[in-house]
Amino acid sequence: MPSEKMLMRGSNVVGEAAVRAGCRYYFGYPITPQNELPEYLSWRLPEVGGTFIQAESEIASINMVMGAAAAGARVMTSSSSPGIALKQEGISYMAGQELPCVVANMMRGGPGLGNIAPSAADYFQATRGGGNGDYRTPTLAPAGGQELAEMVFVAFDLADTYRTPVMLLGDGLMGQVMEPVVFPDPIDPASLPQKDYILDGCEGRDPRAIYSLILDPPALMEHNLKLQAKYDLIAEKEVRYDTVELDDAEIIVVAYGTAARIAEEAVHELRAQGHAAGIFRPITLWPYPKQQLRELARDGRKVAVFELSLGQMVEDVILSVGERAPIYFYGVPGGVIPTPADVTDFLHSALADDGKVGRRIEV
Amino acid sequence: MSAEVAYQKVFGYPESLKPAQTHYCPGCGHSIAHRLVAECLDELGMREKTIGVPPVGCAVLAYNYFNFDMVEAPHGRALAVATGIKRVHPDKLVLTYQGDGDLAAIGTAETIHAANRGEKITTIFINNAIYGMTGGQMAPTTTLGQVATTAPGGREPERHGRPIDISRMLAVSDGTVYIERCSLTSVKNIRKAKKAIMKAFRAQLDGLGFTLVELLSPCPTNWKMTPKAAWEWIDTEMVKTYPLGVIKDNTGYEDKK
Amino acid sequence: MIARTTFAGFGGQGVLLMGYVLSHGAMLKDLNVTYFPSYGAEMRGGTANCTVTLSDRKIASPVASHPEYLVAMNYPSLAKFEPLVAPNGTIFLNSSLVEEDPQRDDVKVVKVPTVELAREVGSERAGNMVMIGAVCAETGLLSLEETIAGMKAALKGKEKFFELNQKGIERGFSFIKEGK
Ligand SMILES: Cc1ncc(C[n+]2csc(CCOP(=O)(O)OP(=O)(O)O)c2C)c(N)n1
Ligand code: SF4
């Protein structure tokens with residue numbers, strides 16, 4: 001049965017959704033601005049017979065996740081930007097070992113220690129690997145609230161279906177904002193499909209080994225090609241995105257997560273002023289909805305990209321759109337959150353531009 | 001008495017502290033510890049020959065308060081960074097200033113190995129049994145039964161593991177020469193702490209090896225106590241897990257009475 | 001309909017709780033709502049603020065450019081947020097603490113002596129409840145019953161505060177309705 005409507009902050013939504021998605025193991029290390037999530041799970045998991053461990057570090061916690069995944073459990077960890085940097089080694093190993101897990105990142109300002117204000121400058125870190133080797137991390141970027149709860153379920157399912165780490169990318173603002181949420185039906189972990197690769201003692205079967213070390217180059221090539229085929233399949237089947245008022249739009253605003261919500265309000269303002277603006281919001285950042293965006297960027301439409309960083313996703317927009325439309329960019333780094341009015345100003349300047357293909361406004 | 005000497009400055013900022021207002025909460029031990037470190041450096045005349053590494057923790061902004069060279073390290077890595085500094089500048093006094101999470105959770109490997117290499121570095125270890133900066137989560141040093149936001153029912157050995165006594169663990173290594181645990185809970189104890197810091201610096205300057213002074217330090221904010229109650233909690237409860245005194249002393253120094 | 005309210009004041013004045021009461025009250029009457037608290041480093045400085053957005057349609061941004069309503073519980077909050085208030089918006093002033101008048105002449109100002117009114121109902125600590133009562137009465141965002149229901153939902157598990165808080169809310173309503 002779906003839950004009743006609850007007013008909850010984003011971090012707690014992730015925690016509650018994880019429990020309902022059948023996750024019974026969480027390993028993490030405190031870091032602002034996502035401490036409410038481990039704090040929530042520290043009492044909630046024991047309530048359902050699950051395990052919560054505050055590890056001695058992010059490195060330890062991602063490796064505990066590796067162990068629990070190898071042992072067959074639905075498992076997750078979470079952190080914020082500098083802590084995710086430390087988890088990248090484990091994520092790369094798990095990609096190579098084909099072990100599933102969910103890693104939530106509530107992004108903050110960087111680089112380095114940066115600050116604890118909401119930011120979205122980890123797009124490259126999430127979508128371009130972060131760790132070593134030829135691998136991809138499916139990355140979900142919900143816009144908060146109800147979608148945050150639903151994407152936690154999707155994240156666990158993707159992880160198990162494709163045997164891969166999955167990143168849930170939020171930001172400090174999303175973690176703090178409270179909205180009413182209705183949780184989907186809880187899943188009983190015992191009802192999840194059996195996994196035929198896990199380690200549970202080799203009684204009655206041949207021993208299994210899980211590893212990423214493949215010394216023989218042709219064999220490692222083979223392994224990489226197998227992983228790539230899997231990534232190709234994910235790219236084909238798992239692309240997610242959302243659009244708002246795009247049908248008649250003369251300008252397409254591309255933004256994800258919190259930025260997309262600020263942009264949506266700006267789009268409403270523009271519409272009220274008589275400009276046909278709409279939103280294209282990628283929900284999977286990898287795989288990026290390249291084809292879909294490319295098809296929309298036609299008929300003299302302009303493409304305006306807004307990010308809470310100095311321009312990371314915009315590279316995927318350029319890769320998708322190419323020369324088909326002029327692309328404009330507005331980015332704010334460092335944990336400064338622009339208001340919808342700031343985005344409206346940007347969109348006005350993009351609308352006023354002569355629209356020469358390829359022109360970019362840097363702000 | 002002439003006018004010039006009628007007023008004599010008897011108390012002020014040590015030179016090794018900037019005249020800045022700190023961001024620490026009322027009753028926090030960090031400000032006292034800062035002052036002790038600064039007074040010792042002043043007395044040794046070492047301010048301009050000191051390089052410090054602050055932690056990631058409530059004292060992350062220590063470079064705004066200490067009036068000597070400092071470089072930020074990632075959370076837990078202070079002693080690795082300090083090792084690099086000391087190897088470049090063996091003639092300088094190098095210190096790290098670290099909380100329990102920084103030193104004894106995420107930084108445990110760096111801590112043990114710097115100590116075991118016998119790096120001629122002094123660590124000021126602020127043990128407040130909690131994660132201050134991030135808002136009261138369990139620390140490796142949180143005592144049994146103590147409540148933390150990630151141990152809401154109090155720390156239990158089965159579920160959360162036992163408090164770690166890193167100072168005693170480090171004492172086992174031949175690389176360490178001097179380790180003492182003091183507390184910041186009374187004028188008497190604070191004086192003792194200063195003496196210990198002084199001795200640790202001296203041993204470093206004499207090239208004897210790794211030195212560490214652990215300071216039991218109140219965090220009234222996250223312990224949810226008044227400053228006075230926090231002092232009392234250290235004196236009556238915390239010392240049961242972390243008894244005060246010299247843990248190891250191979251300096252061979254004669255203590256002045 | 002969309003209404004954005006920024007609540008601001010010292011930590012300890014119950015600023016976040018006011019936003020919490022409004023949010024719960026709105027959720028209970030099936031409005032969409034976002035509650036955006038200030039947090040982290042800002043909280044160490046002893047000030048707090050939150051912005052609550054209510055709407056009968058989907059709410060895009062939890063961040064408001066220009067809130068229609070500002071509740072300023074102390075002077076620094078008034079100074080900081082007054083310029084942001086939308087034209088023809090309303091500023092609710094905690095007149096027990098703030099002697100200064102807002103500078104703008106394109107906004108309505110409602111002065112609420114929270115401390116004195118709260119004292120009347122039994123304790124100064126209900127000042128924030130008086131204020132949220134006044135805000136709901138003046139703006140019509142929630143009825144008296146809805147505000148009380150919001151308070152009870154926001155403070156679930158802390159029933160011992162219900163009685164005083166309800167009196168505070170009622171006093172805030174009567175202050176607006178009866179003008180005293
Ligand atoms: C890699 C990384 N992980 C986590 C954090 C978050 N963090 C900042 S300080 C801290 C621990 C603070 O506790 P402690 O070291 O005991 O110092 P205190 O604040 O109590 O003085 C943590 C976990 C971080 N900044 N970087
Ligand atoms: S939170 Fe605790 S350790 Fe940090 S400044 Fe406040 S009292 Fe000190």
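The written sequence of each chain sets the order in which its residues are numbered from 1. To read the labels, note that chains go from A and ligands from 1, taken in the order they are written. It should be noted that, the model being predicted, local features are given only for residues of pLDDT at least 70 and side-chain atom pairs only at 80 or more, the latter also being counted only at that level, while totals for whole chains, interfaces and linings use all residues. Heavy atoms throughout the structure, all of them, feed into the side-chain values; hydrogens and water do not.

Let's talk about the overall build of chain A
Then comes step 1: Counting secondary structure elements, chain A contains 12 helices and 14 strands.
Then comes step 2: With the radius of gyration taken over C-alpha atoms, the globule rule is written as 2.2 Å times the number of residues to the power 0.38. What you see for chain A is a C-alpha radius of gyration of 21 Å, in line with the 21 Å of a compact globule of 363 residues.
Then comes step 3: Projected onto the principal axes, the alpha-carbon positions of chain A cover approximately 70 × 50 × 40 Å.
Then comes step 4: Only protein chains enter the accessibility calculation, which uses a 1.4 Å probe; a residue is then buried when its area is under 20% of its type maximum, exposed when over 50%, and partly exposed in between. Among the 363 residues that make up chain A, the fraction classed as buried is 60%.
Then comes step 5: Considering only contacts within chain A whose residues lie at least 6 apart along the sequence, 80% involve residues at least 24 apart.
Then comes step 6: With the model as given, the accessible surface of chain A reaches about 13600 Å², and the carbon-plus-sulfur share is 53%.
Then comes step 7: Taking the 30 positively charged and 47 negatively charged side chains of chain A as two groups, their mean positions are separated by 2 Å. Helix and strand assignments follow DSSP, with helices taken as H or I runs no shorter than four residues and strands as E runs no shorter than two, numbered in order from the N terminus. Here a residue-residue contact requires only that any non-hydrogen atoms of the pair lie within 4.5 Å. The Shrake-Rupley method, run with a 1.4 Å probe, gives the accessible areas here. Residue values count only the displayed protein chains as cover. Only four residue types enter the charge count: Lys and Arg as positive, Asp and Glu as negative, with His and the chain ends excluded. Working definition for charges: the position is that of NZ of Lys, CZ of Arg, CG of Asp or CD of Glu.

Looking at the sheet that holds strand 6 (residues 139-140) of chain A
All names here are of chain A.
Then comes step 1: Only strands that DSSP links by at least two bridges are regarded as paired with each other. Here we have seven strands laid out as an open sheet, ordered 3-2-4-5-7-6-12, and mixed in their pairing. Two strands bound the open sheet, and with one partner strand each, they are strand 3 (51-54) and strand 12 (284-286).
Then comes step 2: Judged from the two bridges that link them, strand 6 and strand 7 (residues 165-171) form a sheet pairing that is parallel. Across the sheet, T139 pairs through a bridge with M167, a residue of strand 7.
Then comes step 3: With axes taken as lines fitted to C-alpha atoms, and helix axes fitted only over the stretch in contact, angles between N-to-C directions fall between 0 and 180 degrees. Across the sheet, helix 4 (residues 81-97) touches strand 4 (75-79), strand 5 (101-107) and strand 7, and the angle it forms with strand 5 is around 160 degrees.

Some words on the site of ligand 1
Then comes step 1: Distances are taken per atom, and a residue is near a molecule or strand as soon as one of its heavy atoms is within 4 Å of it. The immediate surroundings of ligand 1 are formed by 21 residues, with E58(A), C58(B), D100(B), D102(B) and G132(B) found nearest.
Then comes step 2: Taken together, the residues near ligand 1 originate from chains A and B.
Then comes step 3: The element that contributes the greatest number of residues to the shell around ligand 1 is helix 3 (residues 100-104) of chain B, accounting for three residues.
Then comes step 4: Amino acid classes used here: Ala, Val, Leu, Ile, Met, Phe, Trp, Tyr, Cys and Pro are nonpolar; Asp, Glu, Lys and Arg are charged; the rest, including Gly, are polar. Taken together, the residues that form the shell around ligand 1 break down as 10 nonpolar, eight polar and three charged.

A closer look at the interface of chain A and chain C
Interfaces are often described in size by the accessible area the parts lose on coming together.
Then comes step 1: Each partner contributes residues to the interface: chain A has 24 residues there, and chain C has 23 residues.
Then comes step 2: Both faces combined, the contact of chain A with chain C buries some 2000 Å², and carbon together with sulfur accounts for 63% of it.
Then comes step 3: Each salt bridge in this description consists of a side-chain nitrogen of Lys or Arg and a carboxyl oxygen of Asp or Glu lying within 4 Å of one another. Along the contact surface separating chain A from chain C lie three salt bridges.
Then comes step 4: Of the charged contacts, one joins R4(C) and E265(A) as a salt bridge, the two residues approaching to 2.8 Å between their closest N and O atoms.
Then comes step 5: As used in this structure description, the phrase polar contact means that two N or O atoms lie within 3.5 Å; if the pair is within protein, one of them must be able to donate a hydrogen and the other to accept it, and residues adjacent in sequence are counted only when both atoms belong to side chains. Our count for the contact surface shared by chain A and chain C stands at nine residue pairs in polar contact (both at pLDDT 80 or more).
Then comes step 6: Mapped onto the side of chain A that touches chain C, the elements with two or more residues apiece are strand 1 (6-9), helix 7 (172-176), strand 8 (178-181), helix 9 (257-272) and helix 12 (340-352) of chain A.
Then comes step 7: If one sorts the elements of the side of chain A that touches chain C by residue count, helix 9 of chain A sits on top with four residues.
Then comes step 8: Residue classes in the side of chain A that touches chain C are distributed as 15 nonpolar, three polar and six charged. Note on terms: buried area is the combined drop in 1.4 Å-probe accessible area of two parts once they are placed together, counting the loss on both.

Describing the site of ligand 2
All names here are of chain B.
Then comes step 1: With respect to spatial proximity, the complete set of residues near ligand 2 consists of Y24, C25, C28, H30, C58, N128, G132, C219, P220, T221 and N222.
Then comes step 2: Counting residues per element, the shell around ligand 2 draws most heavily on helix 8 (residues 220-223), which supplies three residues.
Then comes step 3: A per-class count over the shell around ligand 2 returns six nonpolar, five polar and no charged.

Observations concerning the pattern of salt bridges
Then comes step 1: Per the stated rule, a full pass over the model turns up 42 salt bridges over all chains.
Then comes step 2: K58(C) serves as the salt-bridge partner of E264(A), at 3.2 Å between the closest nitrogen and oxygen. Placement of E264(A) in helix 9 and of K58(C) in the loop between strand 3 (47-55) and strand 4 (69-72) is noted, with the two residues assigned to different chains.
Then comes step 3: Judged by its relative accessible area of 10%, E264(A) is buried.
Then comes step 4: With a shortest N-O distance of 3.2 Å, K92(B) and D91(B) are connected by a salt bridge.
Then comes step 5: Of the residues examined, D91(B) reaches a relative accessible area of 53% and is grouped as exposed.

Quick notes on the domain arrangement of chain A
All names here are of chain A.
Then comes step 1: Per the annotation, domain bounds derive from an automatic or database assignment of domains. Assigned domains within chain A: domain 1 (6-237) and domain 2 (241-361).
Then comes step 2: The straight-line distance from the C-alpha centre of domain 1 to that of domain 2 is 29 Å.
Then comes step 3: The interface is formed by 31 residues belonging to domain 1 together with 22 residues belonging to domain 2.
Then comes step 4: A buried area of about 2300 Å², summed over both sides, lies between domain 1 and domain 2, and 56% of it is on carbon and sulfur atoms.
Then comes step 5: Across the domain 1-domain 2 interface, the total number found is three salt bridges.
Then comes step 6: We note a salt bridge from E147 to R281, for which the minimum N-O separation is 2.8 Å.
Then comes step 7: The interface formed by domain 1 and domain 2 contains 16 residue pairs in polar contact (both at pLDDT 80 or more).
Then comes step 8: Elements with a contribution of two residues or more to the side of domain 1 that touches domain 2: helix 5 (123-127), strand 6, helix 6 (145-162), strand 7, helix 7 and helix 8 (217-237).
Then comes step 9: Class assignment of the residues belonging to the side of domain 1 that touches domain 2 gives a composition of 19 nonpolar, six polar and six charged.

Some remarks on empty space enclosed by the protein
All names here are of chain A.
Then comes step 1: Put simply, the grid is 1 Å and covers the protein atoms alone, a cavity is a trapped set of points that fit a 1.4 Å probe, a pocket is an open set with protein on both sides within 12 Å along at least five of seven lines, and lining residues have an atom within 4 Å of a point. Grid points are joined across faces, edges and corners, and a volume is the space filled by probe spheres set on the points. Tallied over the full model, the rule gives three cavities of 30 Å³ or more.
Then comes step 2: Roughly 60 Å³ of volume is contained in the largest cavity.
Then comes step 3: Lining of the largest cavity is provided by 13 residues; of these, G144, M174, V177, E179 and R261 occupy positions nearest its centre.
Then comes step 4: Breaking the lining of the largest cavity down by element, the ones donating at least two residues are helix 1 (10-20), helix 6, helix 7 and helix 9.
Then comes step 5: Of the residues in the lining of the largest cavity, the class split is seven nonpolar, four polar and two charged.

Examining the nonpolar core
Then comes step 1: The criterion is simple. A nonpolar core is a set of buried Ala, Val, Leu, Ile, Met, Phe, Trp, Tyr and Cys residues joined through side-chain atoms within 4.5 Å. Among the nonpolar cores identified, the biggest contains 114 residues, and V254(A) and V317(A) are the most heavily contacted of them.
Then comes step 2: In terms of residues, this core owes the most to one element, helix 6 of chain A, which gives 11 residues.
Then comes step 3: Two domains each put at least three residues into this core: domain 1 (6-237) and domain 2 (241-361) of chain A.
Then comes step 4: Not counting residues up to four positions away in its chain, the partners in contact with V317(A) are V254(A), Y288(A), L293(A), V303(A), V305(A), G322(A) and I327(A).
Then comes step 5: Counting residues in hydrophobic clusters, the runner-up holds 45 residues, among them A3(C), L117(C), M131(C) and F175(C).

Some points on the side chain of S173(B)
Residue and element names in this part refer to chain B.
Then comes step 1: Take S173: it is sitting in the loop between helix 6 (166-171) and strand 5 (176-183).
Then comes step 2: There is a polar contact of 2.6 Å between the side chain of S173 and the side chain of N116.
Then comes step 3: For S173, the residues in contact, after removing those within four places along its chain, are A115, N116 and K248.

A closer look at the side chain of N189(B)
Residues and elements named next belong to chain B.
Then comes step 1: Its location among the elements puts N189 in helix 7 (residues 187-205).
Then comes step 2: A polar side-chain atom of N189 sits 3.2 Å from a polar atom in the side chain of S183.
Then comes step 3: Contacts of N189, omitting those with residues within four sequence positions, involve S183 and D235.

Structural notes on the packing of helix 1 (residues 15-28) of chain C against helix 6 (residues 144-154) of chain C
All names here are of chain C.
Then comes step 1: Between helix 1 and helix 6, the shortest axis-to-axis distance is 7 Å and the interhelical angle comes to 110 degrees. Taken together, helix 1 and helix 6 sit at an angle that is classed as roughly perpendicular. At the point where helix 1 passes helix 6, the crossing takes the right-handed sense. Residues L17, Y20, V21, H24, G25 and L28 of helix 1 form the contact with helix 6, whose participating residues are E146, T147, A149, G150, M151, A153 and A154.
Then comes step 2: Residue composition of the contact of helix 1 with helix 6, grouped by class: eight nonpolar, four polar and one charged. Throughout this description, any angle smaller than 35 degrees is read as roughly parallel, any larger than 145 degrees as roughly antiparallel, any in the 65 to 115 degree range as roughly perpendicular, and the remainder as oblique. Two helices cross in a left-handed way if the nearer one is turned anticlockwise from the farther one by less than a right angle. They cross in a right-handed way if the turn is clockwise.

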